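Structural features, examined
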Amino acid sequence: MTASPAAGSAAEPKGLAPRRLAWQVLQAVAAGAYADGALERELGRTPLAPADRGLATELAYGAIRQRRLLDAWLDQLGKVPAERQPPKLRWLLHIGLYQLLASDRVPPSAAVSTTVELAKRGGLARLAPVANGLLRAFLRRQEAGDTLPLTPEAAADPATNLGVRQSLPPWLAAELLQWLPPERAEAFGRACNTPPSLDLRVNRLRSTPADVCAALAAVGVEAIPIDGLSAGLTLTGRSGDLSRLPGFVEGHWCVQDRAAQRIAPLLAPQPGERILDACAAPGGKSTHLAELMGDQGTVLALDRGEARLRRVSRNAERLGLQCITVQHADATTLPHEQPELLASFDRILVDAPCSGLGTLARHADARWRIDPASIDELVLLQRRLLDGLLPLLKPQGRLVYATCTVHPRENSQLIEAVVAAQPHLQITESWQLWPGDLAGGGDGFYAAVLERTD
Ligand SMILES: C[S@@+](CC[C@H](N)C(=O)[O-])C[C@H]1O[C@@H](n2cnc3c(N)ncnc32)[C@H](O)[C@@H]1O
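Heads up: these notes are all about the structure in this document. (Residues numbered from 1 in each chain as written. Predicted model: local features only at pLDDT ≥ 70, side-chain atom pairs only at ≥ 80, totals over all residues. Heavy atoms only, no water.)

1. Overview of the sheet that holds strand S5 (residues 274-277)
Strand order in the open sheet formed by seven strands is S7-S6-S5-S8-S9-S11-S10, and the pairing between neighbours is mixed. Where the open sheet ends on each side, the last strands, each with one partner, are strand S7 (324-328) and strand S10 (425-433). The average undirected angle you get between the axes of adjacent strands in this sheet is 15 degrees. In this sheet, strand S11 (residues 445-452) lies alongside strand S9 (residues 393-403) in antiparallel orientation, the contact comprising six bridges. Pairing of Ala402 across the sheet is with Ala447, part of S11. Packing of helix H14 (residues 306-318) onto the sheet brings it into contact with strand S6 (298-303) and S7, and relative to S7 it is tilted by some 170 degrees. (Pairing = 2+ DSSP bridges. Helix = DSSP H or I, 4+ residues; strand = E, 2+ residues; numbered from the N terminus. Axes fitted to C-alpha atoms, helices over the stretch in contact; angles between N-to-C directions. Contact = heavy atoms within 4.5 Å.)

Here it is as structure tokens:
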């Protein structure tokens with residue numbers, strides 16, 4: 001590993017390196033990078049102690065999630081609105097303000113002094129007094145009990161109020177208030193700003209939850225069972241690089257969110273059956289299906305993303321599963337390309353590409369990427385997937401449609417429209433889990449179980 005110039009020198013004050021790293025991540029995300037990729041890249045080239053890696057991660061993800069709230073504070077405190085600030089200064093102020101607002105492990109004096117020091121050393125020396133003044137002005141407002149950076153008129157608008165406090169894009173805050181009562185919309189926002197849980201699924205063909213807990217405890221990592229999930233465990237503290245934990249290489253467990261673990265069992269897959277997982281990569285649910293079938297039968301794991309599909313093969317191999325066959329294909333055109341597959345599957349899973357509004361806590365920058373136009377496109381693709389895949393189901397067969405979003409157009413409205421257009425199809429179960437619904441964490445997920453009645 002080589003240290004980048006950004007990693008700092010021995011002479012620099014303590015605590016600058018993780019904050020500089022977080023600042024670089026914010027700049028990279030503003031330039032179009034994905035937050036997790038940018039963070040991984042910066043962590044890869046900056047040697048940091050584990051505690052500093054944790055701090056850099058918390059600051060980068062936290063400040064990205066809270067972008068709208070932080071901008072609203074800058075708008076109130078500065079002479080120049082956030083969007084017109086020099087971008088480098090805007091993102092540095094976000095790191096400083098985020099520590100004052102949300103971090104319970106950074107003393108305010110350290111948040112201010114490190115921000116000013118970074119400005120001086122990071123090409124913003126002339127603006128260091130501006131950073132100092134803005135952060136101190138924020139502290140005075142905070143001490144005076146001021147928690148909402150809005151004018152009284154703006155604060156009176158429910159969507160603006162919710163959107164700024166919970167740092168949600170305006171369109172999403174407005175839609176949430178149409179879908180949910182105010183207190184549940186608030187809970188959604190809180191869940192989206194809480195670091196996600198880290199959940200494991202034990203491979204019951206190779207181990208047991210008790211054995212996995214014991215092996216992890218032996219290296220100082222605590223894992224506890226998740227209520228209602230027979231193979232689910234959650235890690236309670238920091239765990240470092242998961243692939244180095246005992247049992248990972250041996251395929252005793254994999255990482256899978258607790259809500260995602262509820263999807264494969266809805267298919268009730270039986271040993272010996274033929275199952276299609278039409279949107280399979282990276283294989284979280286294909287491998288779960290194979291485990292539930294005792295690795296007896298066939299899981300055809302199909303995906304349009306060739307590189308992502310290779311991850312299905314790697315995961316299946318690590319978990320020791322033989323019954324998964326991978327295929328690179330477009331699921332919307334399968335009946336035309338491979339007519340021999342018509343009416344050939346006992347069960348089909350459509351874990352559809354979606355807006356991911358149920359995973360905003362996990363993907364810090366996602367809320368700033370998604371917009372209503374992209375949802376329009378996704379709904380069309382989801383409809384084409386369902387229309388293309390239903391003919392592949394055997395009579396009496398079962399199809400499960402799932403997404404990790406909460407948008408009704410991608411979920412209940414779409415399923416109702418599909419069922420209305422098909423004479424021999426009925427919904428036997430459907431539910432929407434919102435982020436924050438499950439105790440201890442969990443993504444938002446939608447699932448509908450459809451059965452052919454002919
Ligand atoms: C939500 S992800 C699937 C996650 C996966 N089921 C798991 O549990 O690990 C959706 C997947 O759909 C794939 N996809 C999108 N459009 C597709 C299409 N037309 N045909 C097949 N796969 C598609 C994407 O490449 C992506 O891997």
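From this point on, the discussion continues.
2. A few points about the sheet that holds strand S1 (residues 198-202)
Spatial ordering of the open sheet is given by S2-S3-S1-S4, a layout of four strands whose pairing is antiparallel. Of all strands in the sheet, those bounded by a partner on one side alone are strand S2 (223-225) and strand S4 (253-255). The average undirected angle you get between the axes of adjacent strands in this sheet is 35 degrees. By the bridge criterion, three bridges tie S2 to strand S3 (residues 232-235) in an arrangement that is antiparallel. From the neighbouring strand, Ala223 faces S3, where its bridge partner is Leu235. Strands S1, S2, S3 and S4 of the sheet are contacted by helix H12 (residues 209-217), whose axis makes an angle of about 20 degrees with S3.

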